[in-house]
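For reference, the chains in residue letters:
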Amino acid sequence: MFRGSMPALVTPFKGDAVDLDGFAAHVEWQISEGSHGLVPVGTTGESPTLSHDEHYAVISKCVEVAAKRVPVIAGCGSNDTRTALSHLAHAEKIGADAALIVVPYYNKPSQAGLIAHFTALHEATSLPIIIYNIPGRSVADMSVETMAQLAQLPRIIGVKDATGNIARVAQQRLACGADFIQLSGNDDMALGFNAQGGVGAISVTANVAPALCAQMQEASLQGDYAAALAINDRLQPLHAALFADASPGPTKYALQRLGRMTPDVRLPIAPPSAAARAGVDAALAHAGLI
């Protein structure tokens, strides 16, 4: 159920207001282009700058528009366990299929704190939970040993791994079991990630190139690495360009170039620089998207 290309959805704005109609159109486009799942209100969705009401409205709209055609993995993480519990309760109530829970950021919890945090969330829900390990943003890094302990809980089913360490895939596969779902959190490593035992990606690039990302995932999961590599070669410059400035600024600019939405972002994210925009333009052309 949770495999393939799953965009970490941007949240469209009109000025400083959340554009729910624009978001609904983006979700519909993602499904029509072949995305295998949807992940609203993650970091790419500018979750740190959304109010709780906005957070819940975006997830609710995603579930409504998806209408069970593809699974919705709702971003429910927080650096405060009580807030994460509230997010999780809302996601379960409105019918999300799973929850993505980031390792708590800023607090720098110990491994014991991580176990206590994820265990408390596990005990409070019937939703499957996917751990999001991204030490570059959260500072704390969940160890393989901690993940293996949490993987014994029945509703902790997988990880979005954005450690940037491709060896983690094999290590986690051995520690957590072959059925533990491993999803890449780095587009530029997604193909190699699958070769090590991963089953998909929660992708920024899929916002912009959903069909190509879905086709690359399908080819790699079917063992056709020649086809997957050819698609990956088209996408690789885009993977880099979308992070040439603070995310999701370049991604929203790319979507504007495709006529999909306004490029508006919320402070402290600023619009991408001229150099970043030029890089996005070149990468879109390389991928054959413009």
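The structure reproduced in this document is the subject of the present report. (Residues numbered from 1 in each chain as written. Predicted model: local features only at pLDDT ≥ 70, side-chain atom pairs only at ≥ 80, totals over all residues. Heavy atoms only, no water.)

## Overview of the overall build of the chain
When helices and strands are counted, the chain shows 12 helices and nine strands. Over its C-alpha trace the chain gives a radius of gyration of 18 Å, about what one expects of a compact globule, namely 19 Å for 290 residues. Judged by the C-alpha coordinates and their principal axes, the chain covers about 45 × 45 × 35 Å. Burial status across the chain gives 54% buried among its 290 residues. (Helix = DSSP H or I, 4+ residues; strand = E, 2+ residues; numbered from the N terminus. Rg over C-alpha atoms; globule rule 2.2 N^0.38 Å. Buried < 20%, exposed > 50% of the residue type's maximum accessible area, 1.4 Å probe, protein only.)

## Re the environment of Leu-9
Secondary-structure assignment places Leu-9 in the loop between strand 1 (4-7) and strand 2 (13-14). Between the C-alpha atoms of Leu-9 and Leu-38, which are 29 residues apart in sequence, the distance is 7.0 Å.

## Concerning helix 10 (residues 225-241)
With 17 residues, helix 10 extends 24 Å from end C-alpha to end C-alpha; this agrees with the ideal 24 Å at 1.5 Å per step. Of all the bends found along helix 10, the most pronounced is centred on Leu-235 and spans about 40°, while Pro-237, a proline, follows it within four residues. Along helix 10, the residues that are buried comprise Ala-228, Ile-231, Asn-232, Leu-235, Leu-238, His-239 and Ala-241. Considering only its buried residues, helix 10 is in contact with helix 8 (190-195), helix 9 (210-221), helix 11 (249-257) and helix 12 (274-287). (Expected span 1.5 Å × (residues − 1). Bend = angle between axes of the 7 residues up to and from the residue. Contact = heavy atoms within 4.5 Å.)

## Digging into unusual backbone geometry
A cis amide bond, omega 10°, links Ser-247 with the succeeding residue Pro-248. Within the secondary structure, Pro-248 sits in the loop between helix 10 and helix 11. Residue Leu-267 is joined to Pro-268 through a cis peptide bond whose omega torsion reads 15°. As for its position among the elements, Pro-268 is in the loop between helix 11 and helix 12. For Lys-68, which is not glycine, the phi torsion reads 70° and is therefore positive. Among the secondary structure elements, Lys-68 is positioned in the loop between helix 2 (52-66) and strand 4 (73-75). At Val-139, a residue that is not glycine, the phi angle is positive and equals roughly 75°.

## Brief notes about the sheet that holds strand 6 (residues 129-133)
Paired through their backbone hydrogen bonds, the strands of a sheet run either parallel or antiparallel. Pairing in this open sheet of seven strands is parallel, and the strands run 1-9-8-7-6-5-4 from one edge to the other. With one partner strand each, in any of the chains shown, strand 1 and strand 4 form the two edges of the open sheet. In this sheet, neighbouring strand axes are inclined to one another by 30° on average, regardless of whether the strands run parallel or antiparallel. Of the strand pairs in this sheet, strand 8 (residues 181-184) and strand 9 (residues 200-203) are connected by two bridges, and their pairing is parallel. Residue pairing in the sheet places Leu-183 in a bridge with Gly-200 of strand 9. (Pairing = 2+ DSSP bridges. Axes fitted to C-alpha atoms, helices over the stretch in contact; angles between N-to-C directions.)

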